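This is what each chain is made of:
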Amino acid sequence: MTPHDDDNKIREMFAASRRADLREAPDFQEIQQETPARTVRARPFWLAVLPAAATAVMVLLVLAMLTVPQYMRAPAGWKPSGSGGLGSTTTEHQLPPPPSPSSDLAKDKAVSSVQEEAVARISARDAAKLRALGYIGGTVGAAAGHEAEMLALAAPPPPEREQFGEPFSTESYTQIVENDFLLATQNPLSTFSIDVDTASYSIVRRHIMGGMLPPASAVRIEEMVNYFPYHYPPPARDTPFSVNVEIAGCPWDPEHRLVSIGLRGRDVDHDRASRRGANLVFLIDVSGSMDEPNKLPLVKSALTLLTRELDGLDDIAIVVYAGSSGLVLPPTPGNRKSEILAALDRLEAGGGTNGGEGLRLAYDMAREHLNSGGINRVVLATDGDFNLGITDPQELLAFVQEQAHRGISLTALGFGTGNYKDSMLESLADHGDGNYAYIDSLSEARKVLVEQVGGTMETIAKDVKIQIEFNPALVGAYRLIGYENRVLRKEDFNDDRKDAGEIGSGHTVTALYEVVPPGKSVSIGGVDPLKYQKTPSLTPESAGGELLTLKLRYKDPAGGDSRLISSAIVDEGRRLEESSEDFRFAAAVAAFGLALRESPHRGNATLEMARELGLQGLGPNMDSYRVEFMKLVDRAASLRRQANR
Amino acid sequence: MMSTQAQSALEQHHPSCFTWALACCRWNRDEAQEVLQIAYLRILEGRASLNGTEISRPWIFGVIRRTALEHKRRRVVRTLALERWWRRQPETDLSPSPSPDTGDLEARHRLRGLLARLSTRQRELLHLVFYQDMTIEQASEVLGISLGTARVHYERAKTRLRRLLTQEPR
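What counts, and at which threshold
- Residues numbered from 1 in each chain as written.
- Chains lettered and ligands numbered in written order.
- Predicted model: local features only at pLDDT ≥ 70, side-chain atom pairs only at ≥ 80, totals over all residues.
- Helix = DSSP H or I, 4+ residues; strand = E, 2+ residues; numbered from the N terminus.
- Buried ≥ 20, exposed ≤ 12 C-beta atoms within 10 Å, placed from the backbone.
- Contact = placed C-beta atoms within 7 Å.
- Pairing = 2+ DSSP bridges.
- Axes fitted to C-alpha atoms, helices over the stretch in contact; angles between N-to-C directions.
- Parallel < 35°, antiparallel > 145°, perpendicular 65-115°, else oblique.
- Left-handed = near helix turned anticlockwise from the far one by under 90°.
- Nonpolar A, V, L, I, M, F, W, Y, C, P; charged D, E, K, R; others polar.
- pLDDT = per-residue confidence, 0-100.
- Expected span 1.5 Å × (residues − 1).
- Arc of directions from axis to C-beta.
- Core = buried A, V, L, I, M, F, W, Y, C linked by C-beta atoms within 7 Å.

1. Some remarks on the overall build of chain B
Thought 1: Looking only at helices and strands, chain B has eight helices and zero strands in total.
Thought 2: Counted from the first residue to the last, chain B has its helices and strands arranged as α-α-α-α-α-α-α-α.
Thought 3: Taking all 170 residues of chain B together, 42% fall into the buried category.
Thought 4: Looking at chain B alone, contacts between residues at least 24 apart form 63% of all its contacts between residues at least 6 apart.

Given below as C-alpha cells:
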C-alpha cells in the first residue's frame, strides 16, 4: 500500500464517520431553543445532579448545624452515601465494568438498559461478595455492593428547595397511637388483620440515608418487620399458609416474653401452564411534580423491570393522569414487550393532577379485560396528592373498595419526597385489597415488582384475621407491637363481611406480642384496677400450661365463607439465646422501630440493641436486605449521636 | 449587526460545528450538545472575542474548542469516580459494531478506536483536515498554534494513523 492509498483510506474513513455523525446531528433550532437545563436533563439524570447536590448537601449540612432547631439538626437532603462517613468505599471498585454501547446511535437507548444491567450485575455479585467479605463488627464494608447500588440508582437528590424547610410539612403521615399493654383478665382477646405492606421501612431508609432520622409517625413497626422475608417452613399441601409461633425472652425487658407469630403463604407454582395470568392496569401520575429523577424515571425503570417478567397470558395497560388523564397503552398482551416499553418510554411529566378521572379510566380498562380466575389489578404509581376528580377521600376509598369487591384490587406504589401522602396511599391500598410499597430505588422496585411478583400479584388467601386468646393464668398483660391501624374489634373476627389483609404467594407475615407474666408490674394506660373482681374465674383448660390460643380466619381469593385454623400454644420457656435467627432478627427490627419512635414501651430497646440482635439474626447467608438493615442501624445511631451532641 | 451575522454563520456551519463539538467531547453526544449550546450563546451574545478577525468557520471552531475545554475542566473538578466510570466512552472498545447499518457506522467505530490512540492534538488536526476539509493553516487557527507546529503534528499524526491501520487486524 502506498502512502497515497493510505491517505485515501483515511479520508474515506473520516468521510464515512462524518456521514454517520451528520445523520444524528440535531437541528440548529433544536440547539438554539434548548435551555441549558433541558440539555442537562437529557444526560443520565442522576449524573447531572449528583455533584451539585453533593456540594449543596455539604453546605446545607453546615448551615443546618448552625441554624436549625434540634429536630431538624440532621441535613434534610439526600446525601451520596458513598461520601458519607459510614461504610464509604469508593464506588469505582464496586461497579461493574464500563458498558460499551456499540455506537452513538444506540447509546441513548443503551443507557437505560445498561443501567438496569448494571443493577443486575451488582445484585448478582452482591451475594458472593458479601460472603467473601464477611460482615465484621461495626464496619459495614460488606454492604458496599448494596451501597453502590443504592448510590448509583437510589433516589437521586431531591432539588434544593426540598433540602429543608417547608416541603416537609406537606408530607403527611398519620399519627400512630401505639397499642398499650392490655390486661389479659380484662381483654383476653386480641384481634387484628394481617398487613403485608412494607412501605414504612423504605420510607425510614430514605430518611436515614438522606441524613435525617424519620418522624415517629412514619415508623410503622409491623411494616418494617414485614419488609424482611423469614424462613418459615412452607405449609402442608392443602392449606394456603403455615403458622409458626415462637416464644422466647423479650430483649428489651428481661422479665417479659416475646411471642412471634409468623405466617408463610404457599408458593404458587410458577409453572407456566398453571398460571392464570394477570390483568394489570398501571395508573401513573405524570403531573409536574413527578418530573424528578427519583419519580417518573424510577417509575419507568420499575415498570420496565416488571415488563420483562410478563408473558402472553398477562395483559398490561397504562393510564396516565395529570391535567387530563389518558390511555397511553390499551390492554396489551405481556409478550408484546416492545410496544409496552415504547409506551413507557413516551411518558413525560407535566400538568396538574386529576387522579379521580384517571382512576376511573384505569378501572374501566381493567374491567374490560377482566381475567376471570386470574389477577385483576390496578397499580397506582404516584408521589402524593390524589385529590382531584373524586375530591372526597371517603368517596375515593369507597369507590376503590367497591371495585375490590368486584375483583379488581389496587396496589399503591409511592415515589419521591416532599409532597408525599403516605396516609392516603396506605388507606387506598388497604381499601383496594392490595398492598402498598414505597419505592425509593431501583433495587426496591426490583424487590417489590420482580422478586415478589408472585406475591404482589398472586393473592392466595384474603381477609386474613388473627385472634389471640391469652390465658390469664399465665399472662398478666400483653401488647401487640405495631399493627396499630389493623386492630379489629373482637366481634369482627367471626364477621365475614369485615375486610382484612391479604396474603400472597410466598409472602411471610410476622406479628410480635410482648407478654408480661402475671404478678409483674406494668403500666397500663388509662385503666383503673377493677373494684369488684379480683381473680378471674379460670376454666380447667387454663391450668393446662397453654400460654395462648391462636385463631386464624381466611377466605379463598375467590371469596366464599371464611375458614378457621386454631391452635394452642405452650411457652417452653426458651431464653432469647435459644431463639432462632429469624426470631432475633424480627426482634432487632422491632427494637429498631421502638428506638426510632422513642416509644414509651421501648424498655431497654436502643439502636445499639437493634444492632446487636441484628448481628445475631444475620444468619449464615448474609441476606443482603438484612445486611443493609445493619448499615441503616449504624447510620441511624450516628445520626442520633449527632443530634444529641 | 453582529448577532444576525453570527446567527447566519452559525446556521450555515451548524452541521460541521456539531461534528467538531462531538470530536472535542470525545464523541459524547449529550456533552457535545451542551458545549455547542454554550458556545453558540457566547457567540450570539458577543461574548466571544473576535480579535479583529471575521466570523469564520475556524474562529467558530476555536470558540467551540475552548468551550469544550472549559467544560471538561469544570467537569473534572467535580467529577466523582462514578461519573468517570459512567462516562467512559466506547472509543476503547474495538469490537465490531453489531448495528445493522454497517458501512458508515462501522467505519466510524473503527476510526474512533484508532483515534483514541493518538494524542489530543494529533486527533484534532486529523479531524479538522480530513473530516472538516480544512487546510492546515485553518486548522492551526482553530487550535491557536503556529502553522509550522501544526504541520509537524499533522504529519506525525498521519504516520501514526497509517501505522495503526496496517497493524490492525482486519
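2. As for the overall build of chain A
Thought 1: Within chain A, the secondary structure is distributed over 19 helices and 16 strands.
Thought 2: Expressed as a percentage of contacts within chain A between residues at least 6 apart in sequence, the contacts between residues at least 24 apart total 79%.

3. Describing the pairing of strand E9 (residues 409-415) of chain A
Residue and element names in this part refer to chain A.
Thought 1: Summarising burial for E9: seven of the seven residues are buried, a large majority.
Thought 2: Every second residue of E9 is oriented toward a common face, with Ser409, Thr411, Leu413 and Phe415 on one face and Leu410, Ala412 and Gly414 on the other, all of them buried.
Thought 3: Judged from the four bridges that link them, E9 and strand E10 (residues 436-439) form a sheet pairing that is parallel. Pairing of Ala412 across the sheet is with Tyr436, part of E10.

4. Some details on the sheet that holds strand E14 (residues 508-516) of chain A
All names here are of chain A.
Thought 1: Taken in spatial order, the five strands make up an open sheet running E1-E12-E14-E4-E3, and their pairing is antiparallel. Since the sheet does not close on itself, it has two edges, and those belong to strand E1 (182-183) and strand E3 (241-250), each with one partner.
Thought 2: Where strand E12 (residues 477-481) and E14 come together, five bridges link them in antiparallel fashion. Along E14, the bridge assignment pairs Tyr478 with Val515.

5. Remarks on unusual backbone geometry
Thought 1: Backbone geometry at Glu598(A) places phi at a positive 50°, although glycine is not the residue there.
Thought 2: Along the polypeptide, Glu598(A) turns up in the loop between helix H17 (581-597) and helix H18 (607-617).
Thought 3: The exposed category is assigned to Glu598(A), around which 12 C-beta atoms lie within 10 Å.
Thought 4: Of note, the phi angle at Asp133(B) is positive, near 55°, even though the residue is not glycine.
Thought 5: Mapping Asp133(B) onto the fold places it in the loop between helix H6 (120-131) and helix H7 (136-143).

6. Side note on the packing of H17(A) against H18(A)
Residue and element names in this part refer to chain A.
Thought 1: The N-to-C vectors of H17 and H18 enclose an angle of 160°; their axes lie 8 Å apart at closest approach. As judged from the angle between their axes, H17 and H18 are roughly antiparallel. When the axes of H17 and H18 are compared, the crossing they make is left-handed. In this structure, H17 uses Glu581, Asp582, Arg584, Phe585, Ala587, Ala588, Ala591, Phe592 and Ala595 to contact H18, whose residues at the interface are Leu607, Met609, Ala610, Leu613, Gly614, Gln616 and Gly617.
Thought 2: Partitioned by chemical class, the residues of the contact of H17 with H18 number ten nonpolar, three polar and three charged.

7. Side note on the environment of Leu22(B)
Thought 1: With respect to the element layout, Leu22(B) can be found in helix H1 (residues 2-24).
Thought 2: A C-alpha to C-alpha distance of 8.9 Å links Leu22(B) and Leu36(B), two positions 14 residues apart in sequence.
Thought 3: Those residues within four positions of Leu22(B) in sequence are excluded, and the remaining contacts are Asp21(A), Trp27(B), Arg29(B) and Ala32(B).

8. Let's talk about the confidence of the model for chain A
Residue and element names in this part refer to chain A.
Thought 1: In this model, chain A carries an average pLDDT of 73, and 69% of its residues clear a pLDDT of 70 or more.
Thought 2: Least confident of the elements in chain A is helix H5 (residues 91-94), whose mean pLDDT is 33; most confident is H17, at 95.
Thought 3: When the criterion is pLDDT under 50, residues 35-48 qualifies, and its contacts beyond four places in sequence or with other chains add up to 19 contacts.
Thought 4: Below a pLDDT of 50 lies the segment residues 66-169, which in the model reaches 198 contacts outside its immediate sequence neighbourhood of four places, other chains included.

9. Details of helix H13 (residues 393-405) of chain A
Residues and elements named next belong to chain A.
Thought 1: With 13 residues, H13 ought to run about 18 Å at 1.5 Å a step, and its terminal C-alpha atoms sit 18 Å apart, in line with that.
Thought 2: Taken together, the buried positions of H13 are Leu396, Phe399, Val400, Gln403 and Ala404. Angular distribution of buried residues about the axis of H13 spans 140°; they occupy a single face of the element. For H13, the exposed residues set more than 90 degrees away from the buried face come down to Gln394, Glu395 and His405.

10. Focus: the nonpolar core
Side chains that are nonpolar tend, in soluble globular proteins, to be buried together.
Thought 1: Within the largest apolar cluster, 143 residues are counted, with the highest numbers of intra-cluster contacts made by Leu283(A), Val319(A) and Ala591(A).
Thought 2: Among the elements that line this core, the one with the most residues is H17(A), at twelve residues.
Thought 3: When sequence neighbours within four positions are dropped, the list of residues in contact with Leu283(A) reads Val319(A), Tyr321(A), Gly358(A), Leu359(A), Ala362(A), Val378(A), Val379(A) and Leu380(A).
Thought 4: One finds Ala6(B), Leu10(B), Leu111(B) and Leu161(B) within the second-largest nonpolar core, a separate group that totals 47 residues.

11. A few points about the confidence of the model for chain B
Residue and element names in this part refer to chain B.
Thought 1: Within chain B, residue pLDDT values average 77, and 79% of them lie at 70 or more.
Thought 2: Segment residues 79-100: pLDDT under 50, and 43 contacts once partners within four positions in sequence are set aside and those in other chains are kept.
Thought 3: This prediction of the complex comes with two scores: 0.51 for pTM and 0.75 for ipTM.

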